[in-house]
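# Survey of secondary and tertiary structure
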Amino acid sequence: MSVQKRKKAQVEQNLCVACGCCAKVCPINAINVYKGLYAAVDANKCVGCGKCAKECPASVIIIKEAAL
Amino acid sequence: MNKKAKKWYDYLWIVSLTYLILGFFNILFAWLGLLCFFIPLIISVAFGNKGYCNRYCGRGQLFGLLGGRFGLSRKKDIPKWMKSKWFRFGFLIFFFIMFFQMLWNTWLVFSGARDLNQVTTLLWTFKVPWHWAYHGTILHPAVAQFAFGFYSIMLTSTILGLITMVIFKPRSWCVYCPMGTMTQLICKAKSAIDDQRNNKQTEDLYESFEKQDGI
Ligand code: SF4
Ligand code: SF4
Ligand code: SF4
């Protein structure tokens, strides 16, 4: 495998309110709230399904292609 | 794998709904609402996380359910200014002022300077007669005054939450919820203190290495 691009969730962390709605809907627990500060994505797990982005009340998650 | 297994705490919205309904029958139940103030604060202070928001908050779940499953939300993005820090902190401060005003009213009744006012104030403006939910108390009337004031806050925030649920995403309330902002602030403070302590430890460790090396 050379450089491969996959869709991943990315959180704009300084606007995240740490409500955890994203973590509630992620089917594979790839996103979690870190120490009550902001949501962090486990890029190895995330499959880029976009569920979290849809749910996020602050709309601070974007699904973006990221080089692996 | 689409649906996650439901846990007991995924049903806490029933508690929140029951709370709101009980206030229509006996205002004194409003006191129970203090739990939604103290539990989140205790969790964030003791554990440094937002476990309350992330798991147990029934109010958030209620909005999620009504706006999601029941489709009572347009599911549009919340405007930028509503998620800005100044709006969130501003709302928190505003909320605090209202909270202290409520305590002040309670004090006035307690000290006898004012009689018990059996109304619920919605959106800090509209006074709704609520005497039908008051059947007297064996305690001081101030206990009831607090209940009326506190229930006003709870109902007002529910109404605001419902409005933003309809206009924006189901749990838009969570963006500017004072408890959410407050617990996040506490977590930030705690984590900053932790970082400082860790840095100090690392520094101390290096210092001890340097001493060992005789520098
Ligand atoms: S995009 Fe899908 S898999 Fe990735 S964190 Fe969001 S919900 Fe989970
Ligand atoms: S849903 Fe959005 S605001 Fe809430 S924790 Fe996740 S990324 Fe942050
Ligand atoms: S932000 Fe407020 S309403 Fe939302 S989950 Fe946290 S405490 Fe509940």
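The sections below set out a description of the structure shown in this document. (Residues numbered from 1 in each chain as written. Chains lettered and ligands numbered in written order. Predicted model: local features only at pLDDT ≥ 70, side-chain atom pairs only at ≥ 80, totals over all residues. Heavy atoms only, no water.)

## Here we look at empty space enclosed by the protein
All names here are of chain A. Using the criterion set out here, one finds 2 cavities of 30 Å³ or more in the structure. Counted as a void, the largest cavity has a volume near 90 Å³. Residue lining of the largest cavity: 15 residues in total, with Cys16, Cys19, Cys22, Cys56 and Val60 positioned closest to the centre. When the residues that make up the lining of the largest cavity are grouped by side-chain class, the tally is 14 nonpolar, 1 polar and no charged. (1 Å grid on protein atoms, 1.4 Å probe; cavity = no way out; pocket = protein on both sides within 12 Å on 5 of 7 lines; lining within 4 Å. Points joined across faces, edges and corners; volume = space filled by probe spheres on them. Nonpolar A, V, L, I, M, F, W, Y, C, P; charged D, E, K, R; others polar.)

## Some thoughts on the interface of chain A and chain B
One frequent convention defines the size of an interface as the accessible area lost when the parts assemble. At the junction of the two partners, chain A supplies 28 residues and chain B supplies 27 residues. Across the chain A/chain B interface, buried area totals approximately 2100 Å², and carbon plus sulfur atoms make up 48% of it. Linking chain A to chain B there are 0 salt bridges. Of all the secondary structure elements, the ones that give two or more residues to the side of chain A that touches chain B are helix H1 (21–25) and helix H2 (51–55) of chain A. The class makeup of the residues in the side of chain A that touches chain B is 18 nonpolar, 5 polar and 5 charged. (Contact = heavy atoms within 4.5 Å. Buried area = accessible area lost by both parts, 1.4 Å probe. Salt bridge = Lys/Arg side-chain N within 4 Å of Asp/Glu carboxyl O. Helix = DSSP H or I, 4+ residues; strand = E, 2+ residues; numbered from the N terminus.)

## Some thoughts on the packing of aromatic side chains
All names here are of chain B. Taken as a whole and judged by the stated rule, the model has 28 aromatic pairs over all chains. Seen from their ring centres, Phe91 and Trp173 are 6.0 Å apart, and the 85 degrees between their planes marks the pair as edge-to-face. Of this pair, Phe91 sits in helix H6 (residues 85–110) while Trp173 is found in helix H8 (residues 173–176), placing the two residues 82 residues apart along the sequence. The exposure class assigned to Phe91 is buried, which follows from its relative accessible area of 10%. (Phe/Tyr/Trp six-rings, centres within 6.5 Å; stacked < 30°, edge-to-face > 60°. Buried < 20%, exposed > 50% of the residue type's maximum accessible area, 1.4 Å probe, protein only.)

## So, the site of ligand 2
Residue and element names in this part refer to chain A. The local shell around ligand 2 holds 13 residues, among which Cys16, Cys19, Gly20, Cys22 and Cys56 are the closest. Its atoms largely coinciding with the cavity grid, ligand 2 occupies the largest cavity. Here the residues of the shell around ligand 2 sort into 12 nonpolar, 1 polar and no charged. (Near = heavy atom within 4 Å. Sits in = over half its atoms within 2 Å of the grid points.)

## Considering the layout of surface pockets
A volume near 1500 Å³ is recorded for the largest pocket. Along the wall of the largest pocket there are 37 residues; nearest its centre are A:Cys21, A:Lys24, A:Val25, A:Glu55 and B:Lys6. Secondary structure elements with two or more residues in the lining of the largest pocket: H1, strand E2 (31–34) and H2 of chain A together with helix H3 (51–56) and helix H4 (58–69) of chain B. In terms of residues, the lining of the largest pocket owes the most to one element, H4(B), which gives 6 residues.

## Structural notes on the pairing of E2(A)
Residues and elements named next belong to chain A. One ladder, built from 4 bridges, connects E2 with strand E3 (residues 38–41); its direction is antiparallel. Across the sheet, Val33 pairs through a bridge with Ala39, a residue of E3. Taken together, E2 and the strand that follows it, E3, pair antiparallel across an intervening segment of 3 residues, in which Lys35 is found at a positive phi of about 50 degrees. (Pairing = 2+ DSSP bridges.)

## Looking at helix H1 (residues 13–25) of chain B
All names here are of chain B. In this model H1 runs 19 Å from its N-terminal to its C-terminal C-alpha over 13 residues, within 8% of the 18 Å that 1.5 Å per residue would give. All of the buried residues along H1 are Ser16, Tyr19, Leu20 and Gly23. Projection of H1 onto a plane perpendicular to its axis shows the buried side chains occupying an angular sector of 90 degrees, all on one side. Those residues of H1 that are exposed and angled more than 90 degrees off the buried face are Val15 and Phe25. Considering only its buried residues, H1 is in contact with H4 and helix H7 (141–167). (Expected span 1.5 Å × (residues − 1). Arc of directions from axis to C-beta.)

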